[in-house]
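The residues making up each chain are set out below.
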Amino acid sequence: MNSEEILTLASGIVSSWDWVTEISRPNPKQMDVKVTSLQELIPIVVGLRVKRLGHLSAIVCMDLGAEAKEMEVIYFFCPGDAIIALRVRIPRENAVLPSLCEVVPGAESYERELREMFGIEITGLVTPDRLYLPDDWPEGSYPMRKDFDPKVLSVQE
Amino acid sequence: MTTNQETERFTISIGPQHPALKEPGSFQFTVDGEIVTKAYVRLGYAHRGIEKATEQRNYIQDLYLLERICGICSHIHATAFCLTAEKLAHVEAPPRAQAIRVLVAELERIHSHFLWIGVSAHEAGFDTLFMYSWRDRETVMDLLEGLTGNRVNYSANVLGGVKCDVDKEQKAAILAGLDFLEERTRHYFDVLTNDSMFLQRTRGIAVMSRNQAEVMGALGPTARASNVARDVRVESPYAAYKQYPVNMMLDTRGDLEARFVVRLNELFESFRLIRLILDTLPESALTVRFPRRIPGGEAVMRLEAPRGELFYFIKSNGTDKPERVKVRTPTISNMTSVIKLAVGHQLADVPMILAGIDPCFSCNDRTVQLTNARNGSSNTMTWEGLRQHGIEFYGGKRK
């Protein structure tokens, strides 16, 4: 399958869920899917997995800043030379995402990273422990957020 | 003294000192007698916050910063960053620069795979092979130094091209070096697939089926040894791989031996590719002008590092600094397979299973703590001790 066929198949899967609002093609080899409700995320991933459309290549999270009050999480699936990006927006405060581990076991370490670096609660994560940060890292302080202040580390001492 | 099977369950923590890689790790293996029943990983002991640091530096500074993520595959990180930034800025490096990027990347793959042969041979107690392969690795390190001026962080890339060119003398030196390395690789292939002592440690150990590898998200040679056709150089050719296609090396067996065979076959493929590039190096400039400020946008790039797919994501915001840089290295994806594969195996196999994914760890001394889960008594041994345990465990079985 070339990237065009892959993306046609993928957009067929994604648009068979009525509630998905937006599919865009930023470049010929990439398809962006804006997932508007978190409940849709896992069914879409199941659909991609069933059709063997790529592996979960990475989960990228971006803090859009204190003013936007939102974070954007992008799940990248890479079949062949195509890229499927599932985009989710979640609020910065009390951010919650469902765990993909039951569908994609390899997602565990990416999700553990999201949890400690951005403070996103992942529901259904089997080992929600810290992966990278040390044990004495201050609670409630997330280093990859835009407003992270390194001073919290010296106050601790 | 009465002992109950239940009380004989130990948790063994290996690590956390792995100073050699971005993902140094602490592993905890719960064992029942000799069999591993549970595995747990904790990383980040050398997490330097590079992703965060890139947001405060401009693109040129980031190039040098990101090249220092890994000491073994430094070139692939710099190439990944350059290609992603070039995609964002709509700049394309000239063909000669792209070919030299691939040339250095393949030399780096040779150096990385030779290093890995040595490390895993050492873990199996085959120190002679370790010494020889690291001696031979010096040849490729010298070639890289001759080409770029550096042994480790080659710094061959600049945004919009490369710094170094290949002249006639360098070409002759590389060809001579390759002949020597190819002969040595043939010898290692023979040793690693025929030496009965070594096969005892690799054949049929840590078998990962194709489905398992796919589900766990294994990448690179680890996945290809389980017959998962996943190689970014083939699937989505970048830089000059379109002009210089790569043959994918697959193996159906999925055990440790297959991982050796796949990597050794990849070495032969790299030799072929480098010779081809040297013969047909296109003539062009080495760099093009690259803007200081990159217009807002997002770009994704996947490259095949020696250990598997490397993922780069950059979001730009119109300034000379990126808004967000995300790096996903292959070891973090392959780590899941170690955790799942170790369960059910002998404790003595753990060093080889870890080494099997090539997590770039050098033979550092690590403390291993044995703790009795029931009464809290603990017993400390070093990584060296665990390695020795593995060697003696298999040595004892020998006739």
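Every value quoted in this text rests on a predicted model; they were computed, and no experiment measured them. (Residues numbered from 1 in each chain as written. Chains lettered and ligands numbered in written order. Predicted model: local features only at pLDDT ≥ 70, side-chain atom pairs only at ≥ 80, totals over all residues.)

Engineer: It is not clear to me how the pairing of strand β7 (residues 308-316) of chain B should be interpreted in this structure. Could you clarify?
Structural biologist: Residues in a regular strand point their side chains to alternate faces of the sheet. Residue and element names in this part refer to chain B. Where burial is concerned, most of β7 is hidden: 8 out of the 9 residues are buried. Pairing of strand β6 (residues 297-305) with β7 involves 9 bridges; the strand directions are antiparallel. Bridge pairing in β7 places E298 opposite K315. Pairing geometry for β7 and strand β8 (residues 322-328), over 6 bridges, is antiparallel. (Buried ≥ 20, exposed ≤ 12 C-beta atoms within 10 Å, placed from the backbone. Helix = DSSP H or I, 4+ residues; strand = E, 2+ residues; numbered from the N terminus. Pairing = 2+ DSSP bridges.)

Engineer: Honestly, the interface of chain A and chain B in this entry has me stumped. Any pointers?
Structural biologist: Interfaces are frequently sized by the accessible area removed from exposure as the parts join. The interface is formed by 21 residues belonging to chain A together with 24 residues belonging to chain B. Elements that contribute at least two residues to the side of chain A that touches chain B include exactly β3 (55-63), β4 (70-78) and α3 (108-118) of chain A. No other element matches β3 of chain A, which puts 6 residues into the side of chain A that touches chain B. By residue class, the composition of the side of chain A that touches chain B is 14 nonpolar, 5 polar and 2 charged. (Contact = placed C-beta atoms within 7 Å. Nonpolar A, V, L, I, M, F, W, Y, C, P; charged D, E, K, R; others polar.)

Engineer: What is the right way to read the packing of helix α3 (residues 74-89) of chain B against helix α4 (residues 95-123) of chain B from this model?
Structural biologist: In a pair of packed helices, the angle between the axes and the distance between the axes together describe the arrangement. Residue and element names in this part refer to chain B. Two elements in contact, α3 and α4, have axes whose closest approach is 9 Å; the angle formed by their N-to-C orientations is 150 degrees. Classified by the angle their axes make, α3 and α4 are roughly antiparallel. Like other packed secondary-structure pairs, α3 and α4 cross with a definite hand, here left-handed. In contact with H75, I76 and T79 of α3, α4 contributes R101, V104, A105 and E108. Grouping the amino acids of the contact of α3 with α4 by side-chain chemistry returns 3 nonpolar, 2 polar and 2 charged. (Axes fitted to C-alpha atoms, helices over the stretch in contact; angles between N-to-C directions. Parallel < 35°, antiparallel > 145°, perpendicular 65-115°, else oblique. Left-handed = near helix turned anticlockwise from the far one by under 90°.)

Engineer: What exactly am I supposed to notice about helix α12 (residues 330-342) of chain B here?
Structural biologist: Since one α-helical turn is 3.6 residues long, residues separated by three or four positions face the same way. All names here are of chain B. Here α12 is 13 residues long and its end C-alpha atoms lie 19 Å apart, about the 18 Å a rise of 1.5 Å per residue gives. Burial within α12 is extensive, with 12 of its 13 residues counted as buried. Among all positions of α12, only P330, T331, I332, S333, N334, M335, T336, S337, V338, I339, L341 and A342 are buried. The first or second residue beyond α12 is G344, which carries a positive phi of 95 degrees. (Expected span 1.5 Å × (residues − 1).)

Engineer: How do you make sense of the sheet that holds strand β2 (residues 30-35) of chain A when you look at a structure like this?
Structural biologist: Pairing between the strands of a sheet comes from backbone hydrogen bonds, and it takes one of two forms, parallel or antiparallel. Residues and elements named next belong to chain A. Spatially, β1-β2-β5-β4-β3 is the arrangement adopted by the 5 strands of the open sheet, whose pairing is mixed. Each of the sheet's edge strands pairs with one partner strand only, and the pair in question is β1 (22-27) and β3. This sheet shows a mean twist of 25 degrees between the axes of neighbouring strands, independent of strand direction. Relative to β2, β1 runs antiparallel, the two being bridged by 4 bridges.

Engineer: Help me understand the domain arrangement of chain B in this model?
Structural biologist: Residue and element names in this part refer to chain B. For chain B, the assigned domains read domain 1 (5-46 + 332-397) and domain 2 (50-328). If you list the elements that add at least two residues to the side of domain 1 that touches domain 2, you get α12, α13 (350-356) and α14 (383-397). Per element, the largest residue contribution to the side of domain 1 that touches domain 2 is 7 residues, and it comes from α12. For the side of domain 1 that touches domain 2, the per-class residue count stands at 12 nonpolar, 7 polar and 5 charged. (Domains from an automatic or database assignment.)

Engineer: Sorry if this is basic, but what is going on with α3 of chain A here?
Structural biologist: Burial analysis of α3 of chain A places 11 of its 11 residues in the buried class, the great majority of the element. Elements that come into contact with the buried residues of α3 of chain A comprise β3, β4 and β7 (121-123) of chain A together with α12 of chain B. Looking at the residues trailing α3 of chain A, positive phi occurs at G119 of chain A, about 70 degrees.

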